[in-house]
Amino acid sequence: MDPTQEELEMETTTTSAARIEALREAIDGDAYGPRDPGWDDARGAWNLAVDQRPAAVVLPEGAGDVAAAVRWARDEGLRVAVQGTGHNPIPYGDLSALLLIKTGRMRGAEIDPQERIARVEAGAQWGDVVPRAAEHGLAALSGSSHDVGVVGYTLGGGVSWLARKHGLSAESVRAIELVTADGRQVRATQFEEPELFWALRGGGGNFGVVTSFELELHPLGPQVLAGVMAYPFAGARELLARYRAHVEQAPDELACWVVIRRAPPLPFVPSELHGREVVLMAVFYAGDLGEGAREVAELRAALGAPAGEHVAPRPYTAWQKNFDPLLAPGARNYWKSHNLAELSDGAIDVVCDFAARLPTAATEIFLGQLGGAASEPTPASSAA
């Protein structure tokens, strides 16, 4: 008979409790075992649908704590996983023989406006970076929500509103500080540990625990042209076909992402569409406001007149957190994604078939537009 979860926790407690105490004494942060007060809060995930139960949890205060935790896990015969506590719906699976390092306390973010560099700790979220960069007329290739974790997003590739103009976020990394599996603290750049540097950017992990890195910033704003155009779901197939034809020849400064969902009660959406399926075109232009207005006018002409629209100049800081309400913490999430080489007729049919039967008002189908610089990196530049 397989052991119960309680039995697994009991075994973990009896074999590791004394060592967990030794780890606590070796770090500035906190460490928790399954029998400790605060255990449930320490082990919790952003996605409340995920019930993660590791052998132990460490909340480090800095890189030295991470190194000590990795060495401890090696001595205990435990695997290591890292979680930044930014929004992430993905479960890790069985964690019963694993040390979970949660970097949420490592939120440092400093901007060097002369070098156009952001120096960011492992637990930072984009809300820690974007406003500070904007004070200097700069922008990172950030996620589309304020509470996206910088490190996990970037090391996985990172598709931002600026991706078509400047490429994937992983391409903007200039240096990475990490702890290797043997507990060493290492710096990786294109000159120091170049193969590790290549793999870390887009390679999917398992190369060490990143504790901080440096990101290139790009001039932007302070105002950008951005907003949403709303269309009734009826005729969505034809609308997506027109969208596909137009964005294939759109300039790299223009990004238009598609969201199909039941319309929230937004003031620019007609009340008769509230609660009904709609196609939302989220439009962003990374360049001159006048040129952006002309490009958006051409997009609008290609798609047809929307039922409602709110596209206007606004601070990039406001746009970057515009969709935060749709991704609020405390939900029970399930996400799945695919990469499409093209938005074919067959893909449009599948999207529309499923969009016609969304199970809840919180469910959406999202199409993020790539192309431009996001599709140009060479294999030599990174693993992204």
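Scroll up to find the structure this text is about.
All values derive from a computational prediction rather than experimental measurement. (Residues numbered from 1 in each chain as written. Predicted model: local features only at pLDDT ≥ 70, side-chain atom pairs only at ≥ 80, totals over all residues. Heavy atoms only, no water.)

Student: Is there a simple way to explain empty space enclosed by the protein in this structure?
Tutor: All told, the structure shown has two cavities of 30 Å³ or more when counted by the stated rule. Roughly 30 Å³ of internal volume is contained in the second largest cavity. Taken together, G44, A45, W46, Q83, T85, G86 and N88 make up the full set of residues lining the second largest cavity. (1 Å grid on protein atoms, 1.4 Å probe; cavity = no way out; pocket = protein on both sides within 12 Å on 5 of 7 lines; lining within 4 Å. Points joined across faces, edges and corners; volume = space filled by probe spheres on them.)

Student: Even after reading the chapter, I still don't get the sheet that holds strand β4 (residues 98-102), so can you show me in this structure?
Tutor: By definition, the strands of a sheet pair up through backbone hydrogen bonds, in either a parallel or an antiparallel sense. Spatially, β1-β2-β4-β3 is the arrangement adopted by the four strands of the open sheet, whose pairing is mixed. Here the strands that pair on one side only, and so sit at the sheet edges, are β1 (30-32) and β3 (79-83). Taking the axes of each pair of neighbouring strands and ignoring which way they run, one obtains an average angle of 20 degrees across the sheet. With three bridges connecting them, strand β2 (residues 56-59) and β4 associate as parallel partners. Within β4, the residue paired with V57 across the bridge is L100. Along the sheet, helix α3 (residues 63-76) makes contact with β2, β3 and β4, crossing β4 at roughly 175 degrees. (Pairing = 2+ DSSP bridges. Helix = DSSP H or I, 4+ residues; strand = E, 2+ residues; numbered from the N terminus. Axes fitted to C-alpha atoms, helices over the stretch in contact; angles between N-to-C directions. Contact = heavy atoms within 4.5 Å.)

Student: Would you explain unusual backbone geometry in this entry?
Tutor: Here the bond from G221 into P222 is cis, since omega is 15 degrees, no more than 30 degrees from zero. Along the chain, the position of P222 falls in the loop between β11 (218-219) and β12 (223-232). The backbone of E193 shows a phi angle near 50 degrees, a positive value even though the residue is not glycine. Note that E193 resides in the loop between β9 (185-188) and α7 (194-200). A relative accessible area of 42% means that E193 is categorised as partly exposed. (Buried < 20%, exposed > 50% of the residue type's maximum accessible area, 1.4 Å probe, protein only.)

Student: Quick question: what am I supposed to make of the state of the cysteines here?
Tutor: Tallied over the full model, the rule gives zero disulfides. Just so you know, C256 is unpaired, no disulfide at all, and the nearest cysteine sulfur is the one on C352, 15 Å from it. (Disulfide = S-S within 2.5 Å.)

Student: What's the story with the packing of helix α8 (residues 236-247) against helix α11 (residues 345-355) in this structure? I'm lost.
Tutor: Packed helix pairs are characterised by how far apart their axes lie and by the angle those axes make with each other. Taken N-terminus to C-terminus, the directions of α8 and α11 make an angle of 140 degrees; their axes are 10 Å apart at the nearest point. With respect to α11, the element α8 is oriented oblique. Crossing hand, α8 versus α11: right-handed. On α11, the residues that touch A236, R237, L240, A241 and R244 of α8 are D345, I348, D349, V351, C352 and D353. (Parallel < 35°, antiparallel > 145°, perpendicular 65-115°, else oblique. Left-handed = near helix turned anticlockwise from the far one by under 90°.)

Student: Looking at this structure, how should I read the sheet that holds strand β8 (residues 173-179)?
Tutor: Across the sheet, five strands lie side by side as β5-β6-β10-β8-β9; this open sheet has antiparallel pairing. Each edge of the open sheet is held by one strand with a lone partner, namely β5 (109-112) and β9. The mean angle between the axes of side-by-side strands here comes to 15 degrees, regardless of whether they run parallel or antiparallel. Here β8 pairs with strand β10 (residues 209-216) via six bridges, running antiparallel. Bridge pairing in β10 places V173 opposite L215. Seen against the sheet, helix α4 (residues 126-134) touches β5, β6 (117-121) and β10 and runs at an angle of roughly 25 degrees to β5.

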